[in-house]
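Commentary on secondary and tertiary structure
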Amino acid sequence: MSSSWKTLSSNPESLAAARIELHYALQPAASVGTFLGEAVPDYSHTSMDYDPDRNAFVGQPVASAANAEAALFLENLETALLDQNGEVLAKLSLFDKTTAEGLEFYAEQIKSLGADTSRLEMPTYGDFPDSPLSGGAKFHSGHAAQILEVGRYYHNTGPVLSEIVQRNRAASPVRIWPHHFDVATLLTLKEPSTPGGEDGVSVGVGMSPGDGTSPAPYWYVTPWPYPDKNKLPRLEAGHWNTEGWVGALLAAGEVSQ
């Protein structure tokens, strides 16, 4: 597995449009694990991984479809179905296609494996970024170079998070969450009394390619429960975010490229 740092552009704010397009392109692949995977309490069946050797996002195996995995290759924005050995069964470039066509691709390919695809639909979220793609617009190749640039942030962040996991038994596996498109690990210091409950104690560490908080990618550390906004310690790097969530934020522009 490659872990070398890839050089980043000096203008991370320019990646916003490509990041949104990539976020939408991920959703057909995300739908496979979300609706056809075996549901688990921590929702990890909806998560994806980043494969640095293939420059691809890869979903969780779906038992009902011979453990096939949905994937999105950033090169040529190709959505694909992989067999249990990681070999490509079928692929489709989303350029000049809609998200609905991407979903239809998976429905056809997974049905051919003998699985029921009647529950397969596009994931919906209340706070997804606005885009003409939500209304049936087609993906286009105008952001192809910037999409690859967004991928470099996942490439560079993966080894850092993996090292945190290796050093902390309380850390969860590194996961990409299709809802907010962040890649993160969660260090659980105290389990909540019920799955998903808010009385636990944890620290999230991850990277967001950008969102309402910042148009550019950023790295974050978020303690839970949130600390008092009026008693935050001084940070040696980055700054405290206090709008919407409380945590330490290091913007891409503050990191040596």
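Scroll up a little and you will see the structure.
These lines cover the structure that appears in this document, whether it is placed above or below. Keep in mind that what you see is a predicted model, and the values were worked out from it rather than measured.

1. Quick word on the overall build of the protein
- When helices and strands are tallied, the protein shows three helices and 11 strands.
- The C-alpha atoms of the protein give a radius of gyration of 18 Å, which matches the 18 Å a tight globule of 257 residues would have.
- Summarising its shape, the C-alpha atoms of the protein cover approximately 55 × 45 × 35 Å along the three principal directions.
- Looking at the 257 residues of the protein, the share that counts as buried comes to 46%.
- As displayed, the protein has an accessible area near 13,000 Å², and 51% of this comes from carbon and sulfur atoms.

2. Details of helix H3 (residues 144–167)
- Taking 1.5 Å of rise per residue, the 24 residues of H3 would be expected to cover 34 Å, and the 36 Å separating its terminal C-alpha atoms lies within 8% of that figure.
- At Thr157, H3 shows its maximal bend, which comes to roughly 30°, and the proline Pro159 appears one to four places after that position.

3. A short note on the packing of helix H1 (residues 16–36) against helix H2 (residues 99–111)
- For the pair H1 and H2, the least separation of the axes is 8 Å and the interaxial angle reads 40°. Between H1 and H2 lies a crossing whose hand is right-handed. Mapping the contact onto sequence places Tyr24, Pro28, Ala29, Ser31, Val32 and Leu36 in H1 and Thr99, Gly102, Leu103, Tyr106 and Ile110 in H2.
- Here the contact of H1 with H2 is composed, by residue class, of eight nonpolar, three polar and no charged.

4. Description of the layout of surface pockets
- Estimates place the volume of the largest pocket at around 1,700 Å³.
- Along the wall of the largest pocket there are 47 residues; nearest its centre are Trp177, His180, Asp182, Leu186 and Tyr220.
- Only H1, strand S6 (175–177), strand S7 (182–190), strand S8 (201–208) and strand S9 (218–224) provide two or more residues apiece to the lining of the largest pocket.
- Counting residues per element, the lining of the largest pocket draws most heavily on S7, at six residues.
- For the lining of the largest pocket, a count of residues per class yields 22 nonpolar, 16 polar and nine charged.

5. Topic: the packing of H1 against H3
- Closest axis-to-axis distance for the H1/H3 pair is 8 Å, and the angle between their directions is 80°. With respect to their mutual orientation, H1 and H3 come out roughly perpendicular. The residues of H3 that touch H1, namely those facing Ala18, Arg19 and Leu22, are Gln146, Ile147 and Val150.

6. A word on the side chain of Thr185
- By the element assignment, Thr185 lies in strand S7.
- Within the structure, Thr185 has its side chain in polar contact with the backbone oxygen of Ser172 (distance 2.7 Å).
- The residues contacting Thr185, other than those within four sequence positions of it, are Leu161, Ile164, Val165, Ala171, Ser172, Pro173, Val203, Gly204 and Val205.

7. Quick look at the packing of aromatic side chains
- Throughout the structure, instances matching the rule amount to 13 aromatic pairs.
- Between the aromatic rings of Tyr220 and Trp245, the centroid separation amounts to 6.3 Å while the plane-to-plane angle is 65°, which identifies the pairing as edge-to-face. Residue Tyr220 is found in strand S9, and its partner Trp245 is found in the loop between strand S10 (239–241) and strand S11 (247–251); the two are separated by 25 residues along the sequence.
- Ring geometry for Trp224 against Tyr226: centres 5.0 Å apart, planes inclined by 80°, an arrangement best described as edge-to-face.
- Here the aromatic residues Tyr50, Phe57, Tyr154 and Phe181 are joined through ring pairs into a cluster of three or more.

The rules we used
- Residues numbered from 1 in each chain as written.
- Predicted model: local features only at pLDDT ≥ 70, side-chain atom pairs only at ≥ 80, totals over all residues.
- Heavy atoms only, no water.
- Helix = DSSP H or I, 4+ residues; strand = E, 2+ residues; numbered from the N terminus.
- Rg over C-alpha atoms; globule rule 2.2 N^0.38 Å.
- Buried < 20%, exposed > 50% of the residue type's maximum accessible area, 1.4 Å probe, protein only.
- Areas by Shrake-Rupley, 256 points an atom, 1.4 Å probe, with all protein chains shown as cover.
- Expected span 1.5 Å × (residues − 1).
- Bend = angle between axes of the 7 residues up to and from the residue.
- Axes fitted to C-alpha atoms, helices over the stretch in contact; angles between N-to-C directions.
- Left-handed = near helix turned anticlockwise from the far one by under 90°.
- Contact = heavy atoms within 4.5 Å.
- Nonpolar A, V, L, I, M, F, W, Y, C, P; charged D, E, K, R; others polar.
- 1 Å grid on protein atoms, 1.4 Å probe; cavity = no way out; pocket = protein on both sides within 12 Å on 5 of 7 lines; lining within 4 Å.
- Points joined across faces, edges and corners; volume = space filled by probe spheres on them.
- Parallel < 35°, antiparallel > 145°, perpendicular 65-115°, else oblique.
- Polar contact = N/O pair within 3.5 Å; in protein donor to acceptor, adjacent residues only side chain to side chain.
- Phe/Tyr/Trp six-rings, centres within 6.5 Å; stacked < 30°, edge-to-face > 60°.

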